[in-house]
Amino acid sequence: LKHPLNSKWTLWYTKPAIADNESWSDLLRPVTSFTTVEEFWAVQNAIPKPRELPLKSDYHLFRNDIRPEWEDDANSNGGKWSFQFRGRIPQIDDLWLRALLAVIGESIDEDESEINGVVINVRRSGYKIGLWTRSTRQAPLSKVGAKFKAVLQLEETDKLEFFAHSSANDKNAKPTLVL
Ligand code: M7G
């Protein structure tokens, strides 16, 4: 017996650059896709956890055939709810799993329309998790952000920040919403 998910999901991996001439698109690859709960767990149990990934790598889990890039038509008018966890915190594997389950279980967004995917970046400063949304409409975003803050087990005083992808190339961009 297999339990179907609402969407097909594809896991992507960004490997760390070794040489300076390796571009973003050279480093980003789809790993595998799944459509059922059972296939999700088979993938989850087979792959390295965030704590086992090298610095500068990313996992991206995206719906259907959406590419984990600002340029994809599904993402270009949207943005991401983002939180930076400082340091190599031991809970990150559990928090990432909670984020994955919330996204594939569609428990963050009741009408299923806003969420395109979820990303973890492994960086020297720590781990960053981002929830990518289809739009920047404030009402649904606030609801989604509040739920995502609970999924990540953030404290009231932790600041979850929303950035529009239209400002993704601006290193000084300020969040357009903060929860
Ligand atoms: P990042 O991995 O989102 O965050 O972006 P970081 O600054 O914490 O490392 C790192 C770099 O990867 C960006 O400056 C871009 O050069 C490239 N990059 C990341 N993303 C998500 C995209 C994307 O969606 N499209 C393109 N073209 N480049 C990207």
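Residues numbered from 1 in each chain as written. Predicted model: local features only at pLDDT ≥ 70, side-chain atom pairs only at ≥ 80, totals over all residues. Heavy atoms only, no water.

Asker: Even after reading the chapter, I still don't get the overall build of the chain, so can you show me in this structure?
Answerer: A count of helical and extended segments in the chain gives 4 helices and 8 strands. If you list the helices and strands of the chain from N to C, you get β-α-β-α-β-β-α-β-β-α-β-β. When contacts within the chain are restricted to residue pairs at least 6 apart in sequence, long-range pairs at least 24 apart make up 70% of them. Averaging the positions of the 24 positive and the 25 negative side-chain charges in the chain gives two centres separated by 4 Å. (Helix = DSSP H or I, 4+ residues; strand = E, 2+ residues; numbered from the N terminus. Contact = heavy atoms within 4.5 Å. Lys, Arg positive; Asp, Glu negative; His and termini not counted. Charge placed at Lys NZ, Arg CZ, Asp CG, Glu CD.)

Asker: What's the story with the pairing of strand 1 (residues 4–14) in this structure? I'm lost.
Answerer: Here is the key point about a regular strand: its side chains alternate between the two faces of the sheet. Two strands pair when backbone bridges link them, and strand 1 and strand 2 (residues 28–36) are joined in this way by 7 bridges, in the antiparallel orientation. The partner of threonine 10 across the bridge, within strand 2, is serine 33. Relative to strand 3 (residues 58–63), strand 1 runs antiparallel, the two sharing 6 bridges. Its bridge partner lying in strand 3, leucine 11 is registered against leucine 61. (Pairing = 2+ DSSP bridges.)

Asker: Please clarify how the packing of helix 2 (residues 37–46) against helix 3 (residues 92–104) should be interpreted in this entry.
Answerer: Two quantities define a packed helix pair, namely the angle between the axes and the distance from one axis to the other. Running from N to C, helix 2 and helix 3 cross one another at 160°; their axes reach a closest spacing of 12 Å. On the basis of their axis angle, the class for helix 2 and helix 3 is roughly antiparallel. You can see that helix 2 and helix 3 cross each other, and the crossing is right-handed. Facing Phe40, Trp41 and Gln44 of helix 2, the residues of helix 3 in contact are Leu97, Leu100, Leu101 and Ile104. (Axes fitted to C-alpha atoms, helices over the stretch in contact; angles between N-to-C directions. Parallel < 35°, antiparallel > 145°, perpendicular 65-115°, else oblique. Left-handed = near helix turned anticlockwise from the far one by under 90°.)

Asker: Whenever I open this one, helix 2 confuses me. Can you help?
Answerer: An α-helical segment advances 3.6 residues per turn. Residues three or four places apart therefore align on the same side. Residues of helix 2 that are buried include every one of Phe40, Val43 and Gln44, and no others. Viewed end-on, helix 2 has its buried residues packed into an arc of 100°, placing them on one side of the element. Within helix 2, the exposed residues directed more than 90 degrees away from the buried face are Asn45 and Ala46. Buried residues in helix 2 make contact with strand 1, strand 2 and helix 3. (Buried < 20%, exposed > 50% of the residue type's maximum accessible area, 1.4 Å probe, protein only. Arc of directions from axis to C-beta.)

Asker: Where do I start with the packing of aromatic side chains in this structure?
Answerer: What characterises a pair of aromatic rings is the spacing of the ring centres plus the angle enclosed by the ring planes. Taken as a whole and judged by the stated rule, the model has 6 aromatic pairs. Their ring planes at 55° and their centres at 5.8 Å tell us that tyrosine 13 and tyrosine 59 sit as a pair that is tilted. Separated by 46 residues along the polypeptide, tyrosine 13 in strand 1 and tyrosine 59 in strand 3 bring together distant segments of the chain. With relative accessibility at 4%, the residue tyrosine 59 sits in the buried group. Aromatic ring contacts, followed pair by pair, group Phe34, Phe40 and Trp41 into a single cluster. (Phe/Tyr/Trp six-rings, centres within 6.5 Å; stacked < 30°, edge-to-face > 60°.)

Asker: For this particular structure, what's the right way to read the sheet that holds strand 6 (residues 126–133)?
Answerer: Within a sheet, adjacent strands bond to each other through the backbone by hydrogen bonds, running parallel or antiparallel. The 8 strands lie next to each other as 2-1-3-5-6-4-7-8, forming an open sheet whose pairing is antiparallel. Edge positions in the sheet fall to strand 2 and strand 8 (177–178), since each of these pairs with one other strand and no more. In this structure, strand 4 (residues 79–86) lies alongside strand 6, joined through 8 bridges in antiparallel fashion. Bridge pairing in strand 6 links serine 82 to glycine 130. With respect to the sheet, helix 3 is in contact with strand 1, strand 2, strand 3, strand 4, strand 5 (115–123) and strand 6, its orientation differing from that of strand 5 by roughly 165°. Sheet strands touched by helix 4 (residues 138–151): strand 4, strand 5, strand 6, strand 7 (161–164) and strand 8. Its angle to strand 4, the strand with the most contacts, is close to 25°.

Asker: Got a minute to help me understand the environment of alanine 146 in this structure?
Answerer: As for its position among the elements, alanine 146 is in helix 4. Along the primary structure alanine 146 and leucine 160 are separated by 14 residues, whereas in three dimensions their C-alpha atoms are 8.8 Å apart.

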